[in-house]
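# Secondary and tertiary structure notes
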Amino acid sequence: MTKAGNNGTAQQNRCSKDKTIPISDKMPIKELKRLASEWQVDITECLEKSDLVAVLRNAQQKNQQSMSTKVDQIDESTQQIQAGVDEIKTNTDKIQVVSDATKETQKDVRSISESTKRMEEQLFELKDRMTELKAGDNAAAQQHSGSAVKTVPITDKMSIKELKGLASELQVDITGCLEKSELVAALRNAQQQNTQNNSSGGQTNLEEQTDTSGGTRKVQSRSAQANTEKFNLQECQEELKEFYLSEKGKVNLLPWVPDAVEDMDNIFVDLELVKQQSFRSSGEEVVKLESNEDLVSLKTDQGQRVNRVLVMGDAGSGKSTMAANIAYKWAGLKDDSQSPLSKFTLVFLISLHEIQDSNDNLVDLIFQLILPEDSQVSKEGLKSYITSNATDVLLLIDGMDEDSSGILKARSNEITKILHNRKLRSCCVILTTRPHRIGDLGEHLRHYTQVKLRGFSLENILKYIDKFFREDTDKNNSLIQKLQDEPHILALAAIPVLLLMICLLWEDQCSLPSTKTQLYKNTLNHMWKRYKSKESQNFPSDEESDSDDEEMTDEMKSLVYTLGKIVLNGIYHGNEQVVFSEKDFGSKVCNLGCQVGIITRERLRSKCKVKALVIFLHKSFQDLCAGMYLAKLFDSSRTDFDICLKKLYGIDQNGFIHFYSTYVLDFCCGFQPHLPYILLKLTLSLSKEHKISSHESFLDISSHLSHIFESQLTYAELVSLFSCESTNIGLSISSTDIPYVLYLLKLTESAKRHEGFILTRLAYFQIKMEYKQWIPSLLNALPNLVRLAIHLGLSNTPSQLNELYFAINKLTKLKDLTLQNFNALIRYDITYLLDILTKNKQINLNELFLSGFQFDNKVNANYLTTCTSLTYLSLYGPLPQIPQRQLTAIKDVIKVIPNLRKLESLNIVHYQICGAVKYLKPVVSQLLRLNLRICLLSERHLKELFTFLNRAQKLKLLDLSCNRFSLSSVKSLVECLQQIPSLEELSLLGTGLNDETVCVLARGLKEMKSPLLKLILDINSFSQIGKAALEGLPVEDDVMSQQLLAGL
């Protein structure tokens, strides 16, 4: 005993001696972890190096008095410091309101600011210390309470609710307990183990709990260490891999036929993934991912690993299959694999539509949805491992748009915290969703790198068909030929779920419909025939199988209408319910739907209960049923139809009309050809009701393209559709609209001889996608085009661009031209276009927007001299080549701008104009908007600008963001702005403003004769002092501009 005591004393002395080592930020992480291990300090919650340093520094402090006395002292000190801070802030405010501050006063302000910061830091440190001490007190109390709970006798007479409560307090894993007897046995076993532990080590634990705060951390660290020790990583990996290989390694080709499965390797083809542009208004960045494995290797421009990836795709685009394939690939990796997935020790795939309880945390969901009921993995050990090794964990969260439990609305839930980047920040998270639900992330969207799932490329369509018909060469070749002959059907084949249906129908009938409505309708008929054949044990003949059977039976329609009514109720209440119970449909309908294959029953294990759920075989079939029911209401009850339709739309944050489910309306139009006219009239009436302008007098048909296509309207019906309400038509298309545009082009071939055809009245046209060879032909069919906007994304050859430029040159009525290049790696040269436009005397533009292009300055200057009617000019420079970040000088262009006598809006962004500022002097008096963002303007050039900017008496908007401001230039700006009575909006984002310059700016803006309506000051380094000075001014956040700076 004496020898042991001496050893304990010596060890304690060594620890005390070690804890005198100064802890600094310069120490390597390995050394910090070694000290934490020797001192037995819990670092499981430390995600950053700064966290490690802070925890170790706290561990060095010793308690000189009792816990309660220190807390009281800290409370008293906190109140005193808070009172001092409040008094200092009051004095600071008084100093700031002095209009004519002397240099001595400014020095006092700086001195007080520094003092305030120091005292605020002390306040935060004391508050943190108080929280830690209170946490230690609570831990001791909880330990005492836990000991008391563990002595409660456990009997069979206790209710299940009481048993669950004890399990929660004792932290006993009961996920595998399905009966009450199993609950009792598990709790008794836990109680016996606790009794043994207390008899062997209870005295030591008690001494540590009643020691100092460092002692409390010892108890916690030992618990965490025990959790880690009892966690078997290899065992967990084996259970995960077994699940992914068995459950995710098969693809059900015929969801309504359970045994019609195919190995993932034999049928899966990589989808086309494109990284979205993050800091321009629209378009796509030329970052094309070769494989879904590349999602875990994305990096920022600064070379940092991307830990939050948002994959967006329409219904049926293959989001869930892609997520499953990633997990499946990881499970099949060899030890020497070079795959990007090999860097992850654990991969978890969570489908949000399977979650039933919004209170479940991540580990609960892993045990419920992935690991087997008899799993040997320790829940606490797994939780500790994920927290301590987040960098080595990949989390796949599928279906943000299919959240039926409301887990994403519960801000305190762990899954929500992870998605909002408030927890497990170093963990790689891939989230999938339909595009219309990305707004649910709100401000947290900025944490994500966005990737668009564009379905299959042409090459991958052919690969998929080859795999599907690998044993039938004739059908393989005939289907490929059919798709080549029908490009609008080929465009539908880019959607994986539709390509599957195309292959199935071609295998069964060797014929294809032209729209997705007809495609789904044929699939339903196919499913119904199979069901009736199986029911009667009389399979149809080849002739019956090959028949189109266009009309659905009354029994089939009744089933679909019943399902659709329930689905529609879930949609027009503002959410899209994707998980149902049997009582929602009734047992009879549910049984029939499952037998046909439209819906399926699933049993979900949740804690101690097994819940029976009903889901559709795919979300698109759910939309199909709702669309068919809505089309039925159009014929049976127009009153009920109007009520449902009005509940299907809303007004989005930009003030535009938004339909909750476009697929529902597409299918409805497919079954009710008159509906596009109703929807168009509804859009017009809502636009007038909410005073929404759509490109001035243009009738924007962009959102109605799919409705028109699904209805397969004739030329006469199209003319009738657009002959009323408006004379001009606007249209904006992206890659998903290709089938609809090809359909319109097909109609032009048979209707060119008719005057007044739909495309001849198209006055506004916007193209936001990769260049297609038919775009020049389409432009040639638009003789009356007034506005044209083309966004080039991926690689385009010079010959393709020349064809495009030549087609633009034929648009003699063109008044507004926008060309944007979103290819960060290729600077397309636009000199040829400017040259031919200079020679074209018929085109005289009013508005010109060029972004991301390279051009000859003299050629551009010559062209601008011919634009005598130009009122709007925007020139956005090419993205810089990292790391040079050099800006192109356009002095020759700036020189000719004063010749634009009608110019009202001027935007020069991302160009170097330092030596050309003086040439703007003659033109500022006529400007309403001036944007000189990211132009490398120094103090000298800014002051030069401000000497004549006061002439801009009509100026409403001024943007000088991302130019470097000093105190002197801010004073010059304020003096200038006070002479501009019309100014409404000022943007100084990322200009290096600090507390001193913000205070000067705020005082000057408050003295303006006409108050500002909007002030943007994001990404500047001022503190609470600067914010206090800005009180009363209309400061707003600019999220898009924040993303812009993040990209640059």
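Residue positions are counted from 1 within each chain, in the order its sequence is given. Per-residue local features are limited, in this predicted model, to residues with pLDDT of at least 70; the limit for side-chain atom pairs, both in listing and counting, is 80 or more; totals at the level of whole chains, interfaces and linings are taken over all residues. Side-chain numbers here rest on the full set of heavy atoms in the structure, without hydrogens or water.

## Notes on the overall build of the chain
- Labels follow the DSSP assignment, with helices taken as runs of H or I lasting at least four residues and strands as runs of E lasting at least two, numbered in each case from the N terminus. A tally of helices and strands in the chain yields 40 helices and 26 strands.
- By sequence separation, contacts in the chain at least 24 residues apart represent 72% of the contacts at least 6 residues apart.
- As displayed, the chain has an accessible area near 49400 Å², and 48% of this comes from carbon and sulfur atoms. By the convention used here, residues are in contact when the closest approach between their heavy atoms is within 4.5 Å. With residues, only the protein chains shown are counted as cover, and all accessible areas are computed by Shrake-Rupley using a 1.4 Å probe.

## A look at the nonpolar core
- In this structure, F765, L779 and I908 are the most contacted members of the largest nonpolar core, which totals 115 residues.
- Here the element with the most residues in this core is helix α30 (residues 738-751); it accounts for eight residues.
- L779 has contacts with F765, L785, L788, I790, L804, A807, I808 and L811, leaving out every residue within four places of it along the chain.
- If you look at the next biggest cluster of nonpolar residues, it comprises 71 residues, including L483, A493, M552 and L633. For this analysis, a nonpolar core means a set of buried residues of the types Ala, Val, Leu, Ile, Met, Phe, Trp, Tyr and Cys, connected via side-chain atoms within 4.5 Å. Categorising residues by exposure relies on relative accessible area from a 1.4 Å probe, with only protein chains included: less than 20% of the type maximum marks a residue as buried, more than 50% marks it as exposed, and the intermediate range marks it as partly exposed.

## Some thoughts on the confidence of the model for the chain
- Confidence in the prediction for the chain averages 75 pLDDT; 71% of positions are at 70 or higher.
- Confidence scores here are pLDDT values: one per residue, from the predictor, ranging 0 to 100. Taken as a whole, residues 97-102 scores under 50 in pLDDT and shows three contacts with residues more than four places along the chain or in a different chain.
- Scored below 50 in pLDDT, residues 199-226 makes 34 contacts in the model with residues more than four places away or belonging to other chains.

## Concerning the pairing of strand β19 (residues 847-851)
- Most of β19 is tucked away, with four of its five residues classed as buried.
- Whether two strands pair depends on DSSP finding at least two bridges between them. Pairing analysis gives five bridges linking β19 to strand β20 (residues 872-876), with the strands arranged parallel. Considered in β20, the bridge of E847 is made with Y872.

## Digging into the environment of N899
- Position of N899 relative to the elements: it lies in the loop between α35 (891-896) and β21 (905-909).
- Since its relative accessible area comes to 44%, N899 is described here as partly exposed.
- Residues N899 and L864, spaced 35 residues apart in sequence, show a C-alpha to C-alpha distance of 8.4 Å.

## Quick notes on the pattern of salt bridges
- Any carboxyl oxygen of Asp or Glu that lies within 4 Å of a side-chain nitrogen of Lys or Arg is treated as forming a salt bridge with it. Enumeration according to the criterion identifies 14 salt bridges in this entry.
- Ionic pairing is found between R34 and E31, a salt bridge with its closest N-O pair at 2.6 Å. Of the two residues, R34 and E31 are both situated in helix α2 (residues 29-39); the distance of three residues between them amounts to about one turn of the helix.
- Owing to a relative accessible area of 35%, R34 belongs among the partly exposed residues under this scheme.
- A residue is classified by how much of its surface remains accessible, and E31, at 26% relative accessible area, is partly exposed.

## Observations concerning helix α32 (residues 798-808)
- Turning to α32, its buried residues are L801, L804, Y805, A807 and I808. Each buried residue of α32 sits inside an arc of 160° when the element is viewed along its axis, so together they form one side.
- Looking at the packing, one finds that the buried side of α32 touches α31 (775-780), β17 (787-792), β18 (816-821) and α33 (831-839). The directions considered for the arc are those from the helix axis to the C-beta atoms.

## Quick look at the state of the cysteines
- Note that a disulfide, as used here, is simply two cysteine sulfur atoms within 2.5 Å. Considering all chains together, one arrives at zero disulfides under this definition.
- The thiol of C594 is not disulfide-bonded; the next cysteine sulfur, from C590, is found 4.4 Å away.
- The partly exposed category is assigned to C594, whose relative accessible area is 23%.

## Thoughts on the pairing of β20
- For β20, the tally of buried residues reaches four of five residues, placing the bulk of the element in the interior.
- A crossover links β19 with its parallel partner β20, the connecting element being helix α34 (residues 857-866), and its sense is right-handed.
- Of the strand pairs in this sheet, β20 and β21 are connected by five bridges, and their pairing is parallel. If you follow L875 over to β21, its bridge partner there is I908. The definition of a right-handed crossover adopted here requires that, viewed with the strands pointing away, the path from the first strand over the helix to the second runs clockwise.

## Here's the deal with the packing of α33 against α34
- Inter-axis angles, ranging from 0 to 180 degrees, are taken between N-to-C directions of lines fitted to C-alpha atoms, where helices are fitted over the stretch in contact. Interhelical geometry of α33 versus α34 gives an angle of 35° and a closest axis separation of 9 Å. The way α33 lies across α34 gives a crossing that is left-handed. Of the residues in α34, those in contact with T831, L834, D835, L837 and T838 of α33 are V859, N860, N862, Y863 and T866.
- Looking at side-chain class alone, the contact of α33 with α34 contains four nonpolar, five polar and one charged residues. The handedness criterion is simple: a crossing whose near helix is rotated anticlockwise from the far helix by less than a right angle is left-handed, and one whose near helix is rotated clockwise is right-handed. Think of it as three bins: nonpolar holds Ala, Val, Leu, Ile, Met, Phe, Trp, Tyr, Cys and Pro, charged holds Asp, Glu, Lys and Arg, and polar takes everything else, Gly as well.

## Side note on the packing of aromatic side chains
- Any two of the Phe, Tyr and Trp rings considered here, Trp counted by its six-membered ring, make a pair once their centres fall within 6.5 Å; the pair's planes then place it as stacked at under 30 degrees, edge-to-face at over 60, or tilted in between. With the rule as written, the count across this model stands at 16 aromatic pairs.
- Here the aromatic residues Y520, F621, Y663 and F667 are joined through ring pairs into a cluster of three or more.

## A short note on the packing of helix α16 (residues 473-485) against helix α18 (residues 496-509)
- The geometry of α16 relative to α18 is characterised by a closest axis approach of 11 Å and an angle of 120° between their N-to-C directions. Of the possible angle classes, the one that applies to α16 and α18 is oblique. Note on packing geometry: the crossing formed by α16 with α18 is right-handed. Here K475, S478, L479 and K482 of α16 come into contact with α18, specifically with I502, C503, W506 and E507.
- Classifying every residue of the contact of α16 with α18 by side-chain character gives four nonpolar, one polar and three charged. The scheme is simple: roughly parallel for angles under 35 degrees, roughly antiparallel for over 145, roughly perpendicular for 65 to 115, oblique for anything else.

## Some words on unusual backbone geometry
- Even without being a glycine, L424 presents a positive backbone phi close to 50°.
- Among the structural elements, L424 can be located in the loop between α14 (414-419) and β8 (428-433).
- A positive phi angle is found at I1019, which is not glycine, with a value near 55°.
- Relative to the helices and strands, I1019 resides in the loop between β25 (1014-1016) and α39 (1024-1029).
- Classification of I1019 by relative accessible area gives partly exposed; the value is 44%.

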